[in-house]
Amino acid sequence: MQSRLTRPAVAWILALAVFTTVFGQPGLPRTPGRSPSPATGSFGSGSSIGSADGQSINPFAHSYSTQQPGTVLPSDNSIDENEYIIGSGDVFFATVVESPNIRYTAAVDQSGRAFISGIGLLNLGKTTYAKAKATIAEHIASKMRNPSEIYVTLIQTKSATISFTGRIRYPGSYEFPGSTRLLDAIRSANDGDLPQASDADMRQIICARGDTSMIFDLMNYLHKGDNTQNPYIYPGDQIRLNPTGAKVFISGAIKSPFPSFYPLKSGETLREFMTLFTLDNNADTGNIILYQSASNTSKTLSTAELDIALNDLDAITIPIRKNLAGMYTVSITGEVASPGHYPIIENSTSARQLIEKAGGTRPAANMDQAVVIRPIKSLPDRFSAGAQQLNAVRPEKGVSISMAASSLDYTVIKLILYNADKVILEPGDQIVIPKKDHFVHVSGNVKAPGAYPFKPGLDHNYYVSQAGGYNKNADKSNVLVFLKFGDVVQSIEPKCVEPGSVIVVPAKVQYKFLTQVVLPIITAVVTTVGVVISIYNIK
């Protein structure tokens, strides 16, 4: 049976449709810039609204992402009010602290002006955020009979369309939030990375803004923190990255940036150029070596001689001071807060100090199995001699020892045995802090290879039994147990199984001989006999 709507029901539906059309869907927040809202009004080009009715208006009723152009900002703390330039699309919210409070909203139009109802038309464009706030506050105060506290903030930023040319991965026009700075805009247009300084001149970036052309040095911002060289972008900016012209190579005792070619400004001196770099504590700044490409000569310069002008393809070397403890690096991997390479002082830095320098351990760290892996260049003669004897009995062991004797091998130092405070690190050391592992892994000639829960105090026989026992080809007398630390594997006693151990049950030597020597020979003989019989039958 079909149901029919009564006339009162139809009337209610039509009324609801009209209400929704006029007032919008109840309960759904509106997007600023697309439709009016109590907080922001209509932010189209040249539009503005003012409110002085004493009603409470909350401009932060809904939260919006600040990553998209023209979105509401939860606060202005992230914008430098002395550097941000006001333009079309910026929206201000002002509150006069009275009882009741009076609130105003002002949107800047394309001419740089903003109209505030009851206050008037204000010129805010191309002024700093700080000056615009002061201008709005002063004009509101001029209309008040009694002095009141006035709060002004930016609740919506403009969008800025800018163009890129030159040494950029994807030249063209892009739209960004107005709160974007030059560095981030360049990185975005270059697929998330900054261009190489040896290829694109990051020290002389040209920004054309109307009739004005400005040059910015991003290296000054990156390595000296000069914010004036990383300005906010502005609608219509045209940014050009020219190829690197003159450049200088620098190397030696520098921390950052890394040794490489870097752009050179015209007439720049060695002293000026070196301000871009952070030197090691052991750098010998009184004996800097300068290679001059024009004359193909080198000279050693004292601190007082650094005002010499640099030229294209000159090379600078910062030596290490003599009679100082050497500075080396070691690596730390695994369950630490900040894995990586860290400097150490020769014969001084302990394993504990380096772990602390890396931010300490993570909750999953297993300090009982933390080790220092130290490379050694050679093995004692007894190992090399033993390899010759093992080749006939256990080829896989003999080959391993022979390879270790002829290449780089490692010493594994357990920190739980030797105390991390007393293990002094050496150049090339690697600290490995593994994750807690609650299993022992059984592989090779067992019936059910796999991982089995670790039980303290039990040897390899227990885990082999958990894996179903040996199969008929297993070599029970030569079971191997290993622990893996990064890229290094350590062989341990079968009776000393630890969490994370790998138990390997090899095949019998006789079985290997049968499968690798006898069976291939028999197969070859049978094949040959078969061929001979076939030829005989053909005849």
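Figured I'd write up the structure that's included with this text. This is a predicted model, so every value here is computed, not measured.

Thresholds applied
- Residues numbered from 1 in each chain as written.
- Predicted model: local features only at pLDDT ≥ 70, side-chain atom pairs only at ≥ 80, totals over all residues.
- Heavy atoms only, no water.
- Pairing = 2+ DSSP bridges.
- Helix = DSSP H or I, 4+ residues; strand = E, 2+ residues; numbered from the N terminus.
- Expected span 1.5 Å × (residues − 1).
- Buried < 20%, exposed > 50% of the residue type's maximum accessible area, 1.4 Å probe, protein only.
- Arc of directions from axis to C-beta.
- Patch = residues over 30% accessible without salt bridge, like charges linked within 9 Å, V, L, I, M, F, W, Y side chains within 5 Å.
- Areas by Shrake-Rupley, 256 points an atom, 1.4 Å probe, with all protein chains shown as cover.
- Salt bridge = Lys/Arg side-chain N within 4 Å of Asp/Glu carboxyl O.
- Phe/Tyr/Trp six-rings, centres within 6.5 Å; stacked < 30°, edge-to-face > 60°.
- Lys NZ or Arg CZ within 6 Å of the ring centre and 35° of its normal.

Concerning the pairing of strand S6 (residues 159-166)
If a strand is regular, its side chains alternate between the two faces of the sheet. Where S6 lies against strand S7 (residues 172-177), 6 bridges are found, and the strand directions are antiparallel. When the bridges of S7 are listed, Phe164 appears paired with Gly172. Examined bridge by bridge, S6 and strand S10 (residues 238-241) share 4 bridges and lie parallel to one another. The residue of S10 that forms the bridge with Gly166 is Leu241.

Quick word on helix H2 (residues 129-142)
For H2, which comprises 14 residues, the first-to-last C-alpha distance of 20 Å matches the rise-based estimate of 20 Å (1.5 Å per residue) to within 8%. Those residues of H2 that sit buried are Tyr129, Ala132, Lys133, Thr135, Ile136 and Ile140. Take H2 and look down its axis: the buried residues cluster within an arc of 160°, on one side only. Every exposed residue of H2 that faces more than 90 degrees away from the buried side is listed here: Lys131, Glu138 and Ser142.

Concerning a nonpolar patch on the surface
A contiguous nonpolar patch, built from Ile416, Leu417 and Tyr418 and spanning about 360 Å² of accessible area, is present on the exposed surface. As for its placement among the helices and strands, Tyr418 is situated in helix H9 (residues 415-418). You can call Tyr418 exposed: its relative accessible area is 52%.

Focus on the packing of aromatic side chains
Overall, the coordinates contain 9 aromatic pairs when judged by the stated rule. Plain terms: the ring middles of Phe164 and Tyr174 are 5.8 Å apart, the flat faces sit at 75° to each other, and that makes the pair edge-to-face. You can see Phe164 sitting in strand S6 and its partner Tyr174 sitting in strand S7, a full 10 residues away along the chain. What makes Tyr174 partly exposed here is its relative accessible area of 22%. A network of ring pairs unites the aromatic residues Tyr84, Phe92, Tyr129 and Tyr232 as a single cluster. For the cation-ring pair, Arg181 lies above Tyr232, with the distance from its terminal atom to the ring centre recorded as 4.1 Å.

Remember, this is a structural readout, not a statement about activity or role.
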